[in-house]
Structures are given as structure tokens and as C-alpha cells.
Amino acid sequence: QDTRKKVLPYQMILDELVKPHDSVLDYLTKYSGITAKMLEPVETRIEQIQMFLINYLNPNDDILVGHSLENDLHALRLVHTNIVDTSVLFRNNGNRKFALKHLTKVLLKRTIQQESHGHCSEVDAVASLELAVRRVQKGTSFCIHDTNKNNKNMHLLRYWKQDSTHPDVFVGPAQWLKQHVPSYSAAHALSCESVHDTNRKALTSWLTSSKRRARIVWGKLVVASSTDDDEMSNINST
């Protein structure tokens, strides 16, 4: 399968290797595809790329499309206000980010990032562009659908295993508990809206009890002031 196939009309504007000013400790060749030998003849510096992009991109009109663009912009030390980030665009109900490889496989029925010598920046860029364009064309139905109605809870419950001797305990605001502990689970859920809630005492009990100490405690406690910090310190010291 030709992963470089032009699935959408596009024109390559810039494809450059950049020599960093500092010494490279790890080229991460498995992911970047870059080796020390490849960079030996390179003279391009990041300042040249920055100037090119600043002159080329119109900050008011041009839309920058990519996947997890915060990483690219951070590396470039650039700010651009018009962004379409497919890692954010295709988040599911549980606020989970999907990898570009997974989005492309499921939604575009195409396999990318299979090269053993690293990702291809052009292939990744085209995949992000096509995902964004199809989202505009098809609307919000073009997404990865949750296969489990309780999928929004799985980022915590995937770690949960029933243990009658040492139970798992969830402590936090009622809305947070509703999100993370579905009704069918056997985990213990304790509503505690803040560190001043009287139920907070049960938290220390679950942590210190010799008879029925919790195997693990998932918690969310609101700390809004210095007084709250002191109360939280008391809990931590326990």
C-alpha cells in the first residue's frame, strides 16, 4: 500500500531537516527516522525555518492543520492562532485523545506509520489534513464512536479489579463519582465535595485501617485556599 498516495490535492511547501544548536543525546530514530549521519551535511537552522513560516503564514487567514500541534509549535517556538488539531477534534466523550495512526486506520481505512525507520512527516501531515477535511464535510458523525456506553469511565476502571479483602475506593465530588464509577461496579464510592467535608475522615480510615485497608484510593479533593492546603497536609501526613 502506497502511504504517500495523494488522497487530497496538496502541494509540498517545505520539507527540511534542521540541525539543532545543542548536541543530540538521542535521535529517537525509531520514531523520527533521523540519524546522526543524515544531519552531518545539514546547515539549516531553526531560525531559518521560523522566518520562512512567519513570512509564509498569514496569522489571520491561514489555518494550520496537524495532530498534537502543541508539540510542533513548541519545538518551533512559534504561536499561531488559527489551529485545527485532529487530536483535539476527534476526542471521545471521555476526553480521550486518539493517536493519528489509530484515527487514520479506523476513519480513513488506511495504514500509516508502519516504517521501521521512523514516521514520514508528509504522510502524517496528509492524514491529519484529510481527517480535518472529512470532518468538515461529514460533520460530527465522522468520529470514533464509543463501543461501550460506560467508556467514559474506562480510563480509571481499566485499573480496577475486585478484591473483597482490600477494596478499591473512589472519593470525590458527586459529579466526579458519577463520571468515574458506574452503578454496576463493586468499588466503594464516597461523596466528598471538599477537604472540609466531614466525609474526608473516612478517607484517612480507608488509607490507614489495619482490618480493611483499601488496595487503592482514587480521589479528587477541591483545594481552594491556604486553609484547604493545611487540611490537605493533615490528610497527607496521615
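For the structure, see preceding data.
From a predicted model like this one, the values you see are computed outputs, not experimental measurements.

Draft legend 1. The arrangement of a nonpolar patch on the surface in detail. Judged by side-chain polarity, Ile13, Leu14, Phe52 and Tyr56 come together as a nonpolar surface patch covering roughly 330 Å² of accessible area. Mapping Ile13 onto the fold places it in the segment before α1 (29–32).

Draft legend 2. Looking closely at helix α6 (residues 100–107). Regarding α6, the residues found buried are Leu100, Leu103, Thr104 and Leu107. The arc enclosing the buried residues of α6, seen along the axis, measures out at 95°, which places them on a common side. Lys109 sits one or two residues past α6 and shows a positive phi near 55°.

Draft legend 3. Quick look at the pattern of salt bridges. Within this structure, the stated rule accounts for 3 salt bridges. A salt bridge links Glu130 to Arg110; its shortest N-O distance comes to 3.1 Å. With Glu130 in helix α7 (residues 121–138) and Arg110 in the loop between α6 and α7, this residue pair connects regions lying 20 residues apart in the sequence. Like Glu130, the residue Arg110 is buried in the burial classification. Where salt bridges share partners, they join Arg110, Glu130 and Arg134 into one cluster.

Draft legend 4. Region of interest: the side chain of Gln50. Looking at where Gln50 falls in the secondary structure, it is placed in helix α3 (residues 46–56). Gln50 gets classed as buried once you look at its relative accessible area, which sits at 15%. Excluding residues within four positions of it along the chain, Gln50 makes contact with Leu76, Arg77 and Leu78.

Draft legend 5. The arrangement of the packing of aromatic side chains in detail. Inspection of the entire model under this criterion finds 2 aromatic pairs. Measuring from ring centre to ring centre gives 5.7 Å for Phe52 and Tyr56, while their planes differ by 10°; the resulting arrangement is stacked. Of this pair, Phe52 and Tyr56 are both found in helix α3, 4 residues apart, which corresponds to roughly one turn of the helix. Ring centres of Phe90 and Phe142 lie 5.9 Å apart, and the angle between their planes is 75°; on these two criteria the pair is classed as edge-to-face. In this pair, Phe90 sits in the loop between α5 (86–89) and α6 while Phe142 sits in the loop between α7 and α8 (154–157), placing the two residues 52 residues apart along the sequence. In this pair, the class of Phe90 matches that of Phe142, namely buried.

The rules we used
Residues numbered from 1 in each chain as written. Predicted model: local features only at pLDDT ≥ 70, side-chain atom pairs only at ≥ 80, totals over all residues. Heavy atoms only, no water. Patch = residues over 30% accessible without salt bridge, like charges linked within 9 Å, V, L, I, M, F, W, Y side chains within 5 Å. Areas by Shrake-Rupley, 256 points an atom, 1.4 Å probe, with all protein chains shown as cover. Salt bridge = Lys/Arg side-chain N within 4 Å of Asp/Glu carboxyl O. Helix = DSSP H or I, 4+ residues; strand = E, 2+ residues; numbered from the N terminus. Buried < 20%, exposed > 50% of the residue type's maximum accessible area, 1.4 Å probe, protein only. Arc of directions from axis to C-beta. Contact = heavy atoms within 4.5 Å. Phe/Tyr/Trp six-rings, centres within 6.5 Å; stacked < 30°, edge-to-face > 60°.

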